[in-house]
There are 2 protein chains.
Amino acid sequence: MARQERGIRTRREVLEAAAEVFAERGYAAATISEILSRAGVTKGALYFHFASKEELLRGVLEEQFTEKDIVPRESKLQEWVDVGMALAHRLPREPLLRAGARLMSDPKLQELFGRGPQVSWVGLTHRLLAQAGERGELLPHVVPGETAQFVVNAWNGVQLGSQIAADWTDLEKQVSVLFRHVLPAVAVPGVLLRIDTAPDRGERVVAEVERLPAPA
Amino acid sequence: MARQERGIRTRREVLEAAAEVFAERGYAAATISEILSRAGVTKGALYFHFASKEELLRGVLEEQFTEKDIVPRESKLQEWVDVGMALAHRLPREPLLRAGARLMSDPKLQELFGRGPQVSWVGLTHRLLAQAGERGELLPHVVPGETAQFVVNAWNGVQLGSQIAADWTDLEKQVSVLFRHVLPAVAVPGVLLRIDTAPDRGERVVAEVERLPAPA
């Protein structure tokens, strides 16, 4: 068990170092040896987890989006908002997400990101919106797949704007603004009234996730 | 007059060539001599308009946003929508805008873009939204500067998503989706009802602008 935890921590440290080196040098110019010295792990430890630079990149991209911030709620629209707000809280604080977001400036990686983690994110939010529809939370004309895709794209644009203007210090506020602008087009009035889009919503969701018992 | 028109056309050709070379090679690696041979103009003609590579870059960035697509309307919210829809129509069709949007993938240029043309775009849309507010078109809680900034960021995110997924072939549809999602949070019902956000709105606005008499 202790060995397994150490393995998870090492994997995370290697991914953080890889993400930072990729973001600073560009993916093409980055070398495994620089990632090794940044992570402070042995060559054997790195290759135990990742066979190549490509696998490191795939690992970094996969970490950019996680389903762990979903806490079951009575309102599926609230779950949908929570995923976006929790990510806005995590991104400025987690080195792997910060470096990952900077990496997205590389057009070739944008493409990989667009076809990988972003597709997962659209898929998850599409499912949540479809469930919201089944429960009668959506206005009748809403097309869940369209709304899911639009909000993921808008979230990315808001992230980029916040990165350029404020080094992400206002990201939670800006993502809150996003949901306040979109929900009236999506939610029936009785649900709209009860959805929490406050800028500190993400912080509270992340705290809640961290108090949950770890999966067995 | 003929000479002046020729000068305007040459300037445009040089900017298109510069934008394309910057987008293909990256700004740092681009050379004036490659821009010259791409544009098919003389060195003298290029330097008559632009003294340096930096001035070429500034010229390309300035062309990314124009106020010429504003046609006065009874509804200022419609003018605001028209600016975003017309740009969505132009971008896939105008080499200078296509290359400019691809250029934005360079993080250093993103910064310049964020502080230059994007600030102008937010400024213009902020003014239009403030005018809409004075005319009673906005819901009482709307903060024009906040909405203007959010929609410019969201527009950029939608542009990037459409570029990656569809080489911009669905950009007009996606920007139409954007405005349909945002207007209910912004417009009073009586105005909302009359705003045209159809995907072909931008095409019609651009056609209208091109029929207008040229400024004296």
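See the structure printed just above.
Let me sum up the structure you'll find in this document. Note that this is a predicted model, so its numbers are computed, not measured. Per chain, the residues get numbers from 1 upward, laid out in the order the sequence is written. Starting at A for chains and at 1 for ligands, labels are handed out in the order in which the entities are written. Local features in a predicted model are, by the rule used here, given only for residues with pLDDT of at least 70; side-chain atom pairs are given and counted only at 80 or more, and totals for whole chains, interfaces and linings are based on all residues. Hydrogens and water molecules were not included; the side-chain quantities draw on all heavy atoms of the structure.

1. As for the overall build of chain A
Line of reasoning, step 1. Broken down by element type, chain A carries 12 helices and zero strands.
Line of reasoning, step 2. Secondary structure elements of chain A, listed N to C terminal, follow the sequence α-α-α-α-α-α-α-α-α-α-α-α.
Line of reasoning, step 3. Only C-alpha atoms enter the radius of gyration; for comparison, a globular chain is expected to reach 2.2 Å times N to the power 0.38, where N is the number of residues. Relative to a compact globule of 216 residues, whose C-alpha radius of gyration would be 17 Å, chain A shows 18 Å and is just as compact.
Line of reasoning, step 4. Projected onto its principal axes, the C-alpha coordinates of chain A cover approximately 55 × 40 × 30 Å.
Line of reasoning, step 5. Here chain A holds 216 residues, and the buried ones make up 52% of them. Strands are runs of DSSP state E lasting at least 2 residues, helices are runs of H or I lasting at least 4, and numbering of each runs from the N terminus. The rule is simple: take the accessible area with a 1.4 Å probe, protein chains only, and divide by the maximum for that residue type; under 20% is buried, over 50% is exposed, in between is partly exposed.

2. Things to note about the interface of chain A and chain B
Line of reasoning, step 1. We call two residues in contact whenever any of their non-hydrogen atoms come within 4.5 Å of each other. Facing the 25 residues of chain A at the interface are 26 residues of chain B.
Line of reasoning, step 2. Contact between chain A and chain B buries roughly 2400 Å² in total, counting both sides, with carbon and sulfur atoms accounting for 63%.
Line of reasoning, step 3. The largest per-residue losses of area from chain A upon contact with chain B belong to A:Phe150, A:Ile164 and A:His181, which jointly make up 28% of the total buried on that side.
Line of reasoning, step 4. What counts as a salt bridge is simple: a side-chain nitrogen of Lys or Arg found within 4 Å of a carboxyl oxygen of Asp or Glu. In this structure, the connection of chain A to chain B is made through two salt bridges. By convention, the term buried area covers the 1.4 Å-probe accessible surface removed from two parts as they join, with the contributions of both added.

3. Digging into the side chain of B:Glu79
Line of reasoning, step 1. Residue position: B:Glu79 is located in helix H5 (residues 76-90).
Line of reasoning, step 2. Setting aside anything within four residues of it in sequence, one finds B:Glu79 in contact with B:Ile70, B:Val71, B:Pro72, B:Arg73 and B:Leu128.

4. Let's talk about helix H9 (residues 144-166) of chain A
All names here are of chain A.
Line of reasoning, step 1. Expected helix span is taken as 1.5 Å per residue step, with the number of steps being one fewer than the number of residues. Across its 23 residues, H9 extends 32 Å between first and last C-alpha, which sits within 8% of the 33 Å expected from 1.5 Å per residue.
Line of reasoning, step 2. Burial runs high along H9: 17 of the 23 residues are buried.
Line of reasoning, step 3. At the C-terminal side of H9, Asp-167 shows a positive phi close to 45°.

5. Some remarks on the nonpolar core
Line of reasoning, step 1. Throughout this description, the term nonpolar core refers to a set of buried Ala, Val, Leu, Ile, Met, Phe, Trp, Tyr and Cys residues connected via side-chain atoms within 4.5 Å. A:Leu77, A:Trp80, B:Leu77 and B:Trp80 are the most contacted members of the largest nonpolar core, which has 79 residues in total.
Line of reasoning, step 2. Excluding residues that lie within four positions of it along the chain, B:Leu77 makes contacts with B:Leu129, B:Ala132, B:Glu137, B:Leu138, B:Val186, B:Ala187, B:Val191 and B:Ile195.

6. Let's talk about the packing of helix H8 (residues 117-134) of chain A against H9(A)
Residues and elements named next belong to chain A.
Line of reasoning, step 1. Interaxial distance between H8 and H9 falls to 8 Å at its minimum, and their mutual angle equals 135°. When the interaxial angle is binned, H8 and H9 end up oblique. Crossing of H8 against H9: the hand is right-handed. In this structure, H8 contributes Gln-118, Trp-121, Val-122, Thr-125, His-126, Leu-129 and Ala-130 to the contact, and H9 contributes Pro-144, Gly-145, Thr-147, Ala-148, Gln-149, Val-152, Asn-153, Trp-155 and Asn-156.
Line of reasoning, step 2. Side-chain classes follow a simple rule in which Ala, Val, Leu, Ile, Met, Phe, Trp, Tyr, Cys and Pro form the nonpolar group, Asp, Glu, Lys and Arg form the charged group, and the remainder, Gly included, forms the polar group. Of the residues belonging to the contact of H8 with H9, the class tally is eight nonpolar, eight polar and no charged. For helices, the fitted line uses only the C-alpha atoms of the stretch in contact; every axis is such a line through C-alpha atoms, and the angle between N-to-C directions lies from 0 to 180 degrees. Throughout this description, any angle smaller than 35 degrees is read as roughly parallel, any larger than 145 degrees as roughly antiparallel, any in the 65 to 115 degree range as roughly perpendicular, and the remainder as oblique. Left-handed describes a crossing in which the near helix is turned anticlockwise from the far one by less than a right angle; the clockwise case is right-handed.

7. A look at the relation of the copies chain A and chain B
Line of reasoning, step 1. Expressed as a screw operation, the relation of chain A to chain B combines 0.0 Å of axial shift with a rotation of 180°, fitting to an RMSD of 0.0 Å. Expressed as a symmetry operation, the mapping of one chain copy onto the other fits a two-fold axis. The copies were overlaid by least squares, fitting only the C-alpha atoms of residues that reach a pLDDT of 70 or more in each copy.

8. Section: the packing of helix H5 (residues 76-90) of chain A against H8(A)
Residue and element names in this part refer to chain A.
Line of reasoning, step 1. Orientation of H5 relative to H8, taken along the N-to-C sense of each, is 155°, at an axis distance of 7 Å. When the axis of H5 is compared with that of H8, the two are roughly antiparallel. In this structure, H5 uses Lys-76, Leu-77, Glu-79, Trp-80, Val-83 and Leu-87 to contact H8, whose residues at the interface are Trp-121, Leu-124, Thr-125, Leu-128, Leu-129, Gln-131 and Ala-132.
Line of reasoning, step 2. Looking at side-chain class alone, the contact of H5 with H8 contains nine nonpolar, two polar and two charged residues.

9. Comments concerning the pattern of salt bridges
Close approach of charged atoms allows side chains of opposite charge to pair.
Line of reasoning, step 1. Applying the stated criterion across every chain, the model contains 43 salt bridges over all chains.
Line of reasoning, step 2. The residue A:Arg98 makes a salt bridge to A:Asp167 at a minimum N-O spacing of 3.4 Å. Of this pair, A:Arg98 sits in helix H6 (residues 95-103) while A:Asp167 sits in the loop between H9 and helix H10 (171-182), placing them 69 residues apart in sequence.
Line of reasoning, step 3. For B:Arg11, the salt bridge is made with B:Glu63, and the minimal N-O distance between the two is 3.7 Å. Of this pair, B:Arg11 sits in helix H1 (residues 2-25) while B:Glu63 is found in helix H4 (residues 53-63), placing the two residues 52 residues apart along the sequence.
Line of reasoning, step 4. In this structure, a network of salt bridges that share partners links the residues A:Arg11, A:Arg12, A:Glu16, A:Glu63, A:Asp69, A:Arg90, A:Glu94 and A:Glu210.

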